[in-house]
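Fold and contact review
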Amino acid sequence: QVQLVESGGGLVQAGGSLRLSCAASGSIFSINVMAWYRQAPGKQREMVAIITSGDSTNYADSVKGRFTISRDNAKNTVYLQMNSLKPEDTAVYYCHANLRTGWALARKDYWGQGTQVTVSS
């Protein structure tokens, strides 16, 4: 079994910073892509940032220049440093990983349980 466990969410004032972490554990052979998504009330889940196994990154236009995604492959962990937070960043943030649990097995998608980020104005 594979688990993704997020931490680091909370309440912060506009202009503040938060750092989210997501650790993947279990029967992991290799991790391809790791990413952060978010879902605000009444809205669809959207991609925030993505990082490949080769450390290539991509960001949603709304967070470019403010958020930074990184990963520690030795720890199977992905981070999201969020600076200059805005009220519109308020959402539940979900960790995602596309990984193999065995060398001959296909890659599958796994999700964390989500962590709430609330930015007050």
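All values derive from a computational prediction rather than experimental measurement. (Residues numbered from 1 in each chain as written. Predicted model: local features only at pLDDT ≥ 70, side-chain atom pairs only at ≥ 80, totals over all residues. Heavy atoms only, no water.)

**Description of the pattern of salt bridges**
Counting across every chain of the model gives 4 salt bridges. Ionic pairing is found between Asp 61 and Lys 64, a salt bridge with its closest N-O pair at 3.1 Å. The exposure class assigned to Asp 61 is exposed, which follows from its relative accessible area of 65%. Take Lys 64: its relative accessible area is 48%, and that puts it in the partly exposed class. Two residues, Asp 89 and Arg 66, come together in a salt bridge whose shortest N-O distance is 2.8 Å. Separated by 23 residues along the polypeptide, Asp 89 in the loop between strand E8 (77-82) and strand E9 (91-100) and Arg 66 in the loop between strand E6 (57-59) and strand E7 (67-72) bring together distant segments of the chain. Like Asp 89, the residue Arg 66 is buried in the burial classification. (Salt bridge = Lys/Arg side-chain N within 4 Å of Asp/Glu carboxyl O. Buried < 20%, exposed > 50% of the residue type's maximum accessible area, 1.4 Å probe, protein only. Helix = DSSP H or I, 4+ residues; strand = E, 2+ residues; numbered from the N terminus.)

**Observations concerning unusual backbone geometry**
Negative phi is the rule for most residues except glycine; trans is the rule for most peptide bonds. Of note, the phi angle at Asp 55 is positive, near 70°, even though the residue is not glycine. Of note, Asp 55 is situated in the loop between strand E5 (46-51) and E6. Located in the positive-phi region is Ser 84, a residue other than glycine, with phi close to 50°. Note on placement: Ser 84 falls in the loop between E8 and E9. In this structure Ser 84 comes out as partly exposed when scored by relative accessible area, which is 40%.

**Some points on the packing of aromatic side chains**
Considering all chains together, one arrives at 1 aromatic pair under this definition. Residues Tyr 37 and Trp 111 carry aromatic rings whose centres are separated by 5.0 Å and whose planes lie at 65° to one another, so their mutual orientation is edge-to-face. On the criterion of sequence distance, the pair formed by Tyr 37 in strand E4 (residues 30-39) and Trp 111 in strand E10 (residues 108-111) is long-range, its members being 74 residues apart. The ring of Tyr 79 carries the charged tip of Arg 19 above its face, separated from the ring centre by 4.1 Å. Against the face of Tyr 94 rests Arg 45, its NZ or CZ located 3.7 Å from the ring centre. (Phe/Tyr/Trp six-rings, centres within 6.5 Å; stacked < 30°, edge-to-face > 60°. Lys NZ or Arg CZ within 6 Å of the ring centre and 35° of its normal.)

**Regarding the nonpolar core**
Grouped together as the largest cluster of nonpolar side chains are 31 residues, with contacts concentrated most on Trp 36, Leu 80, Met 82 and Tyr 93. Within the residue set of this core, elements represented by two or more residues are strand E1 (2-7), strand E3 (18-26), E4, E5, E7, E8, E9 and strand E11 (115-120). For this core, the element with the highest residue contribution is E9, accounting for 5 residues. (Core = buried A, V, L, I, M, F, W, Y, C linked by side-chain atoms within 4.5 Å.)

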